[in-house]
Amino acid sequence: MITLSKQPINTSAILAAVQSPAAGAVVLFLGTTREITAGRRTRSLDYECYPEMAERKLAELEAEARMRWPILNCAIVHRLGRVDIGEASVAVAVSSAHRQPAFEAGQWLIDTLKQVVPIWKCEHWADGTTEWVHPHAESSVD
Amino acid sequence: MITLSKQPINTSAILAAVQSPAAGAVVLFLGTTREITAGRRTRSLDYECYPEMAERKLAELEAEARMRWPILNCAIVHRLGRVDIGEASVAVAVSSAHRQPAFEAGQWLIDTLKQVVPIWKCEHWADGTTEWVHPHAESSVD
Amino acid sequence: MQIRVKLFAAARDLAGSESIEIELPDEATVAHLREALMERLPPARGLLARSMFAIDCDYAANDTRLSANVEVACIPPVSGG
Amino acid sequence: MQIRVKLFAAARDLAGSESIEIELPDEATVAHLREALMERLPPARGLLARSMFAIDCDYAANDTRLSANVEVACIPPVSGG
């Protein structure tokens, strides 16, 4: 399940979507909007994407995760448009029979999503300025 | 937040409990009741615990996770009594500014919970027999 | 001294009781308690051999001394999660 | 040939447009496109230098040849998640 949407992320629906009688483990990752980044106060974030390519890359990520780990179900949801403080901008959920693959696949999916999927974040700082985020280094700890 | 309860696990409440404006990441792990274990069909599970010691050990796990990782909030909920197929028996949720500590702490908490917290699972097999689960090896991949 | 041991899961089912009273010498350790329990509950020997014991809600080593005013519990291998 | 390049995020803001038409020789590669874009959009030079390009929704290497009937997009460093 791949979704790019302006709607708030519905975690109950995502957890229900990955549930399965064969699953012994579900791992859900939520990326949420921090109020303070590098000492500056954020008012909100705004996400945009290259829709056709973002959906294609997300589907490729899911397919690769399914090849690498014995996962049962997978859901990746990314929010577009304005996201307020404390709200989730991204959700990754994975179910598997045992817990180790669910943790590994979940972490790999969010790590790789942040590196390759054409989605961009615009910071709306509390001081009224705005700024597109285009990281210089490939590695990100956010 | 440490909870041992006969009530179904409310994931929305758990996610809300760990949310924080300082959080950039939330990791939720759910352990769910598999229908098939080692080729046998399960009808339901039944959990019991040594309540005073289980609560104490869970609080110790939370305290140790807070020492080892820069986590913001932590919730551990374990279900007691009967748990049907597909339902969650345990939930571990961790929030942190960045995602790596949330994944690491979440995985450590469920790994360690399964090793040290005095909670026991009784399998109610579909063939009508019941069986307490007392693992022989320390390592478990469930 | 008289020690009351809480029992859980298969240990409780094998004993048919949620606790059991064991008479032990005053110098007795967890190891002595385990042996005394094995004698009292032969069907639980195998499970007791790989169980831990808790004193006042903390795991106790085999050489830990018992005393009459503590809470003692037999903790068979756990399976929560 | 005429190549229409989709622009996103800061690249779009710096260009003031969601796409830009670039005239390139028929043998042109992604590297040539990048240079031509840098000349057309001097304020975006730094960003273009570290941007990727996509052809038909797949990342393309610098030496990939362009053709007139593909969809080309400039992909500045991504920041989803």
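Now for a quick tour of the structure. Just so you know, these numbers come straight off a predicted model, no measurement behind them. (Residues numbered from 1 in each chain as written. Chains lettered and ligands numbered in written order. Predicted model: local features only at pLDDT ≥ 70, side-chain atom pairs only at ≥ 80, totals over all residues. Heavy atoms only, no water.)

**As for the overall build of chain C**
And then number 1: Within chain C one finds three helices and five strands.
And then number 2: In sequence order, the secondary structure elements of chain C are arranged as β-α-β-α-α-β-β-β.
And then number 3: For 81 residues, the compact-globule estimate of 2.2 N^0.38 gives 12 Å, and the C-alpha radius of gyration of chain C, at 12 Å, lies within 12% of that figure.
And then number 4: Here the C-alpha coordinates of chain C stretch approximately 35 × 25 × 20 Å along the principal axes.
And then number 5: A burial count over chain C gives 52% of its 81 residues as buried.
And then number 6: When contacts within chain C are restricted to residue pairs at least 6 apart in sequence, long-range pairs at least 24 apart make up 45% of them.
And then number 7: Distance between charge centroids for chain C: 6 Å, based on 8 positive and 12 negative side chains. (Helix = DSSP H or I, 4+ residues; strand = E, 2+ residues; numbered from the N terminus. Rg over C-alpha atoms; globule rule 2.2 N^0.38 Å. Buried < 20%, exposed > 50% of the residue type's maximum accessible area, 1.4 Å probe, protein only. Contact = heavy atoms within 4.5 Å. Lys, Arg positive; Asp, Glu negative; His and termini not counted. Charge placed at Lys NZ, Arg CZ, Asp CG, Glu CD.)

**Looking at the sheet that holds strand S5 (residues 71-79) of chain A**
And then number 1: What the eight strands build is an open sheet, ordered S1(A)-S5(A)-S7(A)-S2(A)-S2(B)-S7(B)-S5(B)-S1(B); its pairing is mixed. Edge positions in the open sheet fall to strand S1 (2-5) of chain A together with strand S1 (2-5) of chain B, since each of these has one partner strand only. Each strand axis lies, on average, 10 degrees off the axis of its neighbour in the sheet, ignoring direction.
And then number 2: Relative to strand S2 (residues 25-32) of chain B, strand S2 (residues 25-32) of chain A runs antiparallel, the two being bridged by seven bridges. Across the sheet, the residue bridging to leucine 28 of chain A is leucine 28 of chain B, located in S2 of chain B.
And then number 3: Packed on one face of the sheet, helix H3 (residues 99-116) of chain A meets S2, S5 and strand S7 (88-96) of chain A together with S2 of chain B and runs near 150 degrees to S7 of chain A. (Pairing = 2+ DSSP bridges. Axes fitted to C-alpha atoms, helices over the stretch in contact; angles between N-to-C directions.)

**Comments concerning unusual backbone geometry**
All names here are of chain D.
And then number 1: Even without being a glycine, aspartate 56 presents a positive backbone phi close to 50 degrees.
And then number 2: For aspartate 56, the location among the structural elements is in the loop between strand S3 (52-55) and strand S4 (58-60).
And then number 3: In this structure aspartate 56 comes out as partly exposed when scored by relative accessible area, which is 37%.
And then number 4: Even without being glycine, cysteine 57 reaches a positive phi, approximately 70 degrees.
And then number 5: Here cysteine 57 is to be found in the loop between S3 and S4.

**Some thoughts on the relation of the copies chain A and chain B**
And then number 1: Expressed as a screw operation, the relation of chain A to chain B combines 0.0 Å of axial shift with a rotation of 180 degrees, fitting to an RMSD of 0.0 Å. Those values place the two copies in the arrangement expected of a two-fold rotation axis. Minimal C-alpha distance to the rotation axis in chain A is attained by leucine 28 of chain A, lying at 2.5 Å. (Least-squares fit on C-alpha atoms with pLDDT ≥ 70 in both.)

**As for the sheet that holds strand S5 (residues 72-75) of chain C**
And then number 1: One open sheet holds the five strands; their spatial order is S2-S1-S5-S3-S4 (chain C), and the pairing between them is mixed. Edge positions in the open sheet fall to strand S2 (19-23) and strand S4 (58-60) of chain C, since each of these has one partner strand only. Strand after strand, the sheet turns through a mean of 35 degrees between neighbouring axes, direction not considered.
And then number 2: Bridge count for strand S1 (residues 2-6) of chain C against S5 of chain C is two bridges, and the pairing is parallel. Bridge pairing in S5 of chain C links valine 5 of chain C to valine 72 of chain C.
And then number 3: Running at roughly 100 degrees to S4 of chain C, helix H2 (residues 51-68) of chain B makes contact with S1, strand S3 (52-55), S4 and S5 of chain C of the sheet.
And then number 4: The strands touched by helix H2 (residues 30-40) of chain C are S1, S2, S3, S4 and S5 of chain C; relative to S2 of chain C, the strand with the most contacts, the crossing angle is about 110 degrees.

**Regarding the interface of chain A and chain B**
And then number 1: Counting residues at the interface gives 34 residues for chain A and 34 residues for chain B.
And then number 2: When chain A packs against chain B, close to 2900 Å² is buried across both sides, 50% of that on carbon and sulfur atoms.
And then number 3: In this structure, the connection of chain A to chain B is made through two salt bridges.
And then number 4: Among the salt bridges present, the one from arginine 99 of chain A reaches aspartate 111 of chain B, with a minimum N-O distance of 2.8 Å.
And then number 5: Scanning the region where chain A abuts chain B turns up 18 residue pairs in polar contact (both at pLDDT 80 or more).
And then number 6: Counting only elements with at least two residues in the side of chain A that touches chain B, the list comes to helix H1 (11-18), S2 and H3 of chain A.
And then number 7: Tallied by class, residues from the side of chain A that touches chain B come to 15 nonpolar, 13 polar and six charged. (Buried area = accessible area lost by both parts, 1.4 Å probe. Salt bridge = Lys/Arg side-chain N within 4 Å of Asp/Glu carboxyl O. Polar contact = N/O pair within 3.5 Å; in protein donor to acceptor, adjacent residues only side chain to side chain. Nonpolar A, V, L, I, M, F, W, Y, C, P; charged D, E, K, R; others polar.)

**Quick look at the environment of leucine 109 of chain A**
Residues and elements named next belong to chain A.
And then number 1: Position of leucine 109 among the secondary structure elements: in helix H3.
And then number 2: On the basis of relative accessibility, which here comes to 1%, the residue leucine 109 falls in the buried class.
And then number 3: Each residue touching leucine 109, except ones within four places of it in the same chain, is listed here: Leu61, Glu62, Ala65, Cys74, Ile76, Val92 and Val94.

**Notes on helix H2 (residues 51-68) of chain A**
And then number 1: Helix length check: H2 of chain A (18 residues) gives 26 Å between terminal C-alpha atoms against 26 Å at 1.5 Å per residue, within 8%.
And then number 2: Inspection of H2 of chain A places Met53, Ala54, Lys57, Leu58, Leu61, Glu62 and Ala65 of chain A among the buried residues, and these make up the whole buried set. (Expected span 1.5 Å × (residues − 1).)

**Digging into the packing of H2 of chain B against helix H3 (residues 99-116) of chain B**
Residues and elements named next belong to chain B.
And then number 1: Taken N-terminus to C-terminus, the directions of H2 and H3 make an angle of 145 degrees; their axes are 11 Å apart at the nearest point. Seen along the crossing, H2 lies across H3 with a hand that is right-handed. Side by side, H2 and H3 meet where Lys57, Leu58, Leu61, Glu62, Glu64, Ala65 and Arg68 of the first sit next to Trp108, Leu109, Thr112, Leu113 and Val116 of the second.
And then number 2: In the contact of H2 with H3, the residues fall into seven nonpolar, one polar and four charged. (Left-handed = near helix turned anticlockwise from the far one by under 90°.)

**Thoughts on the interface of chain A and chain D**
And then number 1: Counting residues at the interface gives 27 residues for chain A, matched by 22 residues for chain D.
And then number 2: Between chain A and chain D the total buried area reaches about 2000 Å² when both faces are included, carbon and sulfur atoms providing 54% of it.
And then number 3: For the chain A face of the interface with chain D, the top three residues by lost area are Tyr50, Trp120 and His134 of chain A, together amounting to 31%.
And then number 4: There are three salt bridges connecting chain A and chain D.
And then number 5: Close ionic contact of aspartate 58 of chain D with lysine 57 of chain A constitutes a salt bridge, the shortest N to O distance being 2.7 Å.

**Focus on the arrangement of the chains**
And then number 1: Considering every one of the three pairs of chains in contact, the largest contact total is recorded for chains A and B.
And then number 2: One finds no contact linking chain A with chain C; the least C-alpha distance across the pair is 10 Å.
And then number 3: Here chain B and chain D are not in contact; the least distance found between their C-alpha atoms is 10 Å.

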